[in-house]
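# Breakdown of the fold
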There are 2 protein chains.
Amino acid sequence: MAVYTDVTEGELGAFLRDYPVGELLSYKGIAEGTENSNFLLHTTGGSFILTLYEKRVATHDLPFFLGLMDHLAAKGLSCPLPVRRADGEMIGTLAGRSAAIITFLEGMWPRRPTAAHCREVGKVLASMHLAGADFGLSRANALGPDGWRELWAASRERADEVEPGLAAEVDADFETFGREWPADLPTGIIHADLFPDNVFFLGNELSGLIDFYFACNDLLAYDLATCLNAWCFEKDCSYNLTKGTALLAGYESVRPLSAAEKQALPMLARGSALRFMLTRLYDWLHGPEGDLVVKRDPAEYIRKMRFHRAIVSPQEYGLS
Amino acid sequence: MAVYTDVTEGELGAFLRDYPVGELLSYKGIAEGTENSNFLLHTTGGSFILTLYEKRVATHDLPFFLGLMDHLAAKGLSCPLPVRRADGEMIGTLAGRSAAIITFLEGMWPRRPTAAHCREVGKVLASMHLAGADFGLSRANALGPDGWRELWAASRERADEVEPGLAAEVDADFETFGREWPADLPTGIIHADLFPDNVFFLGNELSGLIDFYFACNDLLAYDLATCLNAWCFEKDCSYNLTKGTALLAGYESVRPLSAAEKQALPMLARGSALRFMLTRLYDWLHGPEGDLVVKRDPAEYIRKMRFHRAIVSPQEYGLS
C-alpha cells in the first residue's frame, strides 16, 4: 500500500510514446499492491494501470506473469491485458525499473463477501485453471512446502513471542506435511493469492481478476483451498459453511474435483493456512516498524490452521 | 501520502445515491494529500475525487474550503468543483467522517518546473486573488505570524539539533518580524500552499489548481512570495532569476503590484520561508518515525530564509 517510486511527467510521456494509448492526461499513484508501485493513468485512449516492478518481483518472472495475463485474456477470462509496445514487447523500462502498462478493470473488490460472491469466485477460479492448461511457460511455486521451510527457519526461534507453543505446533505440522502432503493430484497454473482484494465485482457480477504476481504451477486444488481460507471464514475465524458450499459448488460447476482432490482438501487447506501464517509471521517479526505500516496479525491463520487440523471429512467444507 | 480510512463498496454506493454522478464503477485510494484520505472514483458520470476529512482538517472550516472552490469555479478559474447532493449540500458523512465529492481535473503537476510554468502560475495566482475578492466567507491564517510563534515554541529547544545556531537565528528573525512585518498591504483570499504538486498542466497549458485546504484571508503579496519560494529555487537552493522574473511578470500581467507590495516582498518571502521551515522542523522533531514516512528536511528552507535576509532591493527577485 505505497508508491515507492515517483515518475516525472516528462519521463512517463516519453515512455508512453511506444504504446498505443494516446496522449497522457493524468496519473495518480494508487494505494494498492504491496510489492510494486502502481499508477492509474488517464489517457485519450482510456484508463490504464502502470506498474513499476520493485525489487521483490524478480524481473526474470515478468514474462511469465504478463504472458499469463495475455494468455488468459485471450481465452476470454476477464483480467488486465498487458498493452504491447509498437515493437511487440510487453515489458519496458521506466525510472530505472521494469515497467508495464495493463488495461484498467472497472469493478470493486468486496469488503464483505457474500455466498453469491463466493460462488462466482469458485467458478472463475475453475475457469482460470482450465484456461491456463495450454499456457506455454511455467514457474515453480516459491511459496510451496520448500519455501515454507525457509520462512519457518527464519522465524521459528521467535515464534513463541507471537503465541506460546506455536513453534512446537508448527514443527509437528511440518512432520505431517513431510509424510502426507499430496503428490499425485492434477497440477497447472494457479493464481495462488485469490483474496477478495484481487477479485472485482460490479453489483453481483464478477468483472475481473487482478494481481497475478504470485501465479505459478502447482496443485489446482491447493488454489481452491486457498480460496476457502480467503473467502469463507468470518472475522472471528469461524468457517461459514454456506460460503464454503457456494465456493466449492461454483468451482465444481466448471471443473469437477477428482475423488483424490476432495480427499486431500483438508491437508491442502492446512498447508495453505500455514503458508499465509508464515508470511505474516515473518513480516510481523522482521518487517519495518512505523505508524504507517499495517502488519497483518498471524493469529488469524494460526486459528485457521487449527480449524483444518480438526477436520475429519472433506464433506465438512460443504462438498456435495 | 496515505489512505488512512478505507470504505466499503456498499457504504460508498449508498453515499453516492445522493449525488448526481451515476453508478459507481471503481474507486482507488490515491497517494496524494497528506492530510486526508483521497479516492479516485470512476462512475458512469465520469471521474471524481472523494475526500474523507481526517482530524487535522477542522470540520468547521469545510464550508469555507468547499465554498471557495465552488465560488472560484463559478468565476471561471479551473479548480475542482464540489458536487452538490440532491438536497443542495456539499458536505456529507461517510465512514464516520465528513466527506465531499469534487470533480476530477485532468493534468499533471510539473516535477521540473520551467520558466514557462512559472509565468502561468503567476497569472493564475493573480486571477485567483481577483476572483476571490467577492467570496462571502473568511478564514484567519492559522499559519500566519502568531501560528509561527506557536510552532517555534514547540521546537525551539531542539532546533540546534538540526543546525547549530538555528535557535538564535530564528529568534532574531522573530524580533525583526515583530517590528517590520507589513500591515497595510492589500488582503484577500490566498491559496497559501501553491506548490508545484497543486498545479496541473497539460503540455504547457495550466489545467487547474487543487488543494485549497490551507486557503485563508491574508496579504495577497504573501501568497506571491510563497510561490517564489515554491517555484523559483533550484535543488541546490539557488534562486533562479529567470523563473522569478517570469512568475512576477505573469502575476503583474493580471494584477499589478503596488509600490508598497513590491517594497515588502523580501520581508514577505522571508516570513514565508520561515513558515515552511517551521512546519518541517516541527514534523522533523515530532513526526512519526518509520521507513515509509518521508520527512522533508527543514534545511532547504533555512537556506531560503538566509537568501531572502540578504536581499537589498526587491528588484533582485526579477521585478520589472
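Since this is a predicted model, take the numbers as computed values, not measurements. (Residues numbered from 1 in each chain as written. Chains lettered and ligands numbered in written order. Predicted model: local features only at pLDDT ≥ 70, side-chain atom pairs only at ≥ 80, totals over all residues. Heavy atoms only, no water.)

### Re the environment of Thr-226 of chain A
Residues and elements named next belong to chain A. Stated formally: Under the DSSP-based scheme used, a helix requires at least four consecutive residues in state H or I and a strand at least two consecutive residues in state E, with every element numbered from the N terminus. In this description, contact between two residues means that some pair of their heavy atoms is separated by no more than 4.5 Å.
Relative to the helices and strands, Thr-226 resides in helix H7 (residues 220-231). Separated by 107 residues in the primary sequence, Thr-226 and Arg-119 have C-alpha atoms spaced 15 Å apart. Ignoring anything within four residues of it in the chain, the contact list for Thr-226 reads Ala-192, Phe-195, Ser-272 and Phe-276.

### Remarks on the nonpolar core
The condition is simple: Residue types Ala, Val, Leu, Ile, Met, Phe, Trp, Tyr and Cys, when buried and joined through side-chain atoms within 4.5 Å, form a set referred to as a nonpolar core. Partly exposed residues are those whose accessible area sits between 20% and 50% of the maximum for their type, while under 20% is buried and over 50% is exposed, using a 1.4 Å probe and protein chains only.
In terms of nonpolar packing, the biggest core is built from 172 residues, with Trp-231 and Met-277 of chain A together with Trp-231 and Met-277 of chain B touching the most fellow members. Beyond its immediate sequence surroundings of up to four residues, Met-277 of chain A is in contact with Leu-166, Val-170, Pro-298, Tyr-301, Ile-302 and Met-305 of chain A.

### Observations concerning the pattern of salt bridges
Test applied: Any Lys or Arg side-chain nitrogen located within 4 Å of an Asp or Glu carboxyl oxygen qualifies as a salt bridge.
Taken as a whole, this structure holds 42 salt bridges over all chains when the rule is applied. Two residues, Arg-139 of chain A and Asp-61 of chain A, come together in a salt bridge whose shortest N-O distance is 3.1 Å. With Arg-139 of chain A in the loop between helix H3 (115-131) and helix H4 (145-155) and Asp-61 of chain A in the loop between strand S3 (46-52) and helix H2 (62-74), the pair connects residues that are 78 residues apart, well separated along the chain. Across the salt bridge formed by Asp-146 of chain B and Arg-149 of chain B, the nearest N and O atoms sit 3.8 Å from each other. Taken together, the residues Asp-146 of chain B and Arg-149 of chain B, both in helix H4 (residues 145-155) and three residues apart, mark about one turn of the helix. Counted as one network, the salt bridges with shared partners bring together Glu-163, Glu-169, Asp-173, Arg-270, Arg-306 and Arg-309 of chain A.

### Structural notes on the packing of helix H3 (residues 115-131) of chain B against helix H8 (residues 241-254) of chain B
All names here are of chain B. Note the following rule: Every angle, taken between N-to-C directions, lies between 0 and 180 degrees, and every axis is a line fitted to C-alpha atoms, over only the stretch in contact when it is a helix. To sort the angles, those under 35 degrees are grouped as roughly parallel, those over 145 as roughly antiparallel, those from 65 to 115 as roughly perpendicular, and the leftovers as oblique. Handedness of a crossing follows from how the near helix is turned relative to the far one, being left-handed for an anticlockwise turn of less than a right angle and right-handed for a clockwise one. For this classification, the nonpolar set comprises Ala, Val, Leu, Ile, Met, Phe, Trp, Tyr, Cys and Pro, the charged set comprises Asp, Glu, Lys and Arg, and every other residue, Gly included, is treated as polar.
Where H3 contacts H8, the axes come no closer than 7 Å and their chain directions differ by 30°. Classed by the angle they form, the pair H3 and H8 counts as roughly parallel. For the element pair H3 and H8, the recorded crossing hand is right-handed. Of H8, the residues touching H3 (which contributes Ala-115, Cys-118, Arg-119, Val-121, Gly-122, Lys-123, Leu-125, Ala-126, Ser-127, His-129 and Leu-130) are Thr-242, Lys-243, Ala-246, Leu-247, Ala-249, Gly-250, Tyr-251, Ser-253 and Val-254. In terms of residue class, the contact of H3 with H8 is built from 11 nonpolar, six polar and three charged.

### Remarks on the domain arrangement of chain A
Residues and elements named next belong to chain A. Put simply, the test is: In this entry, domain limits derive from an automatic or database-based domain assignment. Buried area, as used here, totals the accessible surface that two parts lose on assembly, with accessibility defined by a 1.4 Å probe and the loss added over both. Pairing of N or O atoms within 3.5 Å defines a polar contact, subject to two protein rules: one partner must be a possible hydrogen donor and the other a possible acceptor, and residues neighboring in sequence count only if both atoms are side-chain atoms.
Assigned domains within chain A: domain 1 (9-103) and domain 2 (115-317). Computed over C-alpha atoms only, the centres of domain 1 and domain 2 are separated by 28 Å. Each partner contributes residues to the interface: domain 1 has 18 residues there, and domain 2 has 21 residues. Roughly 1700 Å² of surface becomes buried between domain 1 and domain 2 when both sides are summed, with 72% attributable to carbon and sulfur atoms. Looking at the side of domain 1 facing domain 2, the largest losses of area belong to Phe-64, Phe-65 and Leu-77, adding up to 32% of the total buried there. Joining domain 1 to domain 2, the criterion identifies two salt bridges. Taken together, domain 1 and domain 2 are joined by seven residue pairs in polar contact (both at pLDDT 80 or more). With nine residues, H2 is the single largest residue contributor to the side of domain 1 that touches domain 2. Its residues assigned to classes, the side of domain 1 that touches domain 2 shows 11 nonpolar, five polar and two charged.

### Observations concerning the packing of aromatic side chains
Residues and elements named next belong to chain B. Heads up, the condition is: Each aromatic pair joins two rings of Phe, Tyr and Trp (for Trp, the six-membered one) with centres within 6.5 Å, and gets the label stacked for planes under 30 degrees apart, edge-to-face for over 60, and tilted for any other angle.
This model, assessed by the stated rule, comprises 38 aromatic pairs over all chains. Centroid distance Phe-276 to Tyr-301: 5.8 Å. Interplanar angle 40°. Geometry classified as tilted. One end of the pair, Phe-276, is in helix H9 (residues 259-286); the other, Tyr-301, is in helix H10 (residues 299-309), and 25 residues separate them in sequence. Overall, the relative accessible area of 1% leaves Tyr-301 in the buried class.

### Details of the pairing of strand S8 (residues 205-209) of chain A
Residues and elements named next belong to chain A. Put simply, the rule is: Should DSSP find at least two bridges between two strands, the strands are taken to pair.
Counting buried positions along S8 yields four of five residues, so the element is predominantly enclosed. Looking at chain direction, strand S7 (residues 199-202) and S8 are connected through four bridges and run antiparallel. Counted as the bridge partner of Phe-200 is Gly-208 from S8. What sits between the antiparallel neighbours S7 and S8 is a turn of two residues, in which Gly-203 has the positive phi angle 65°.

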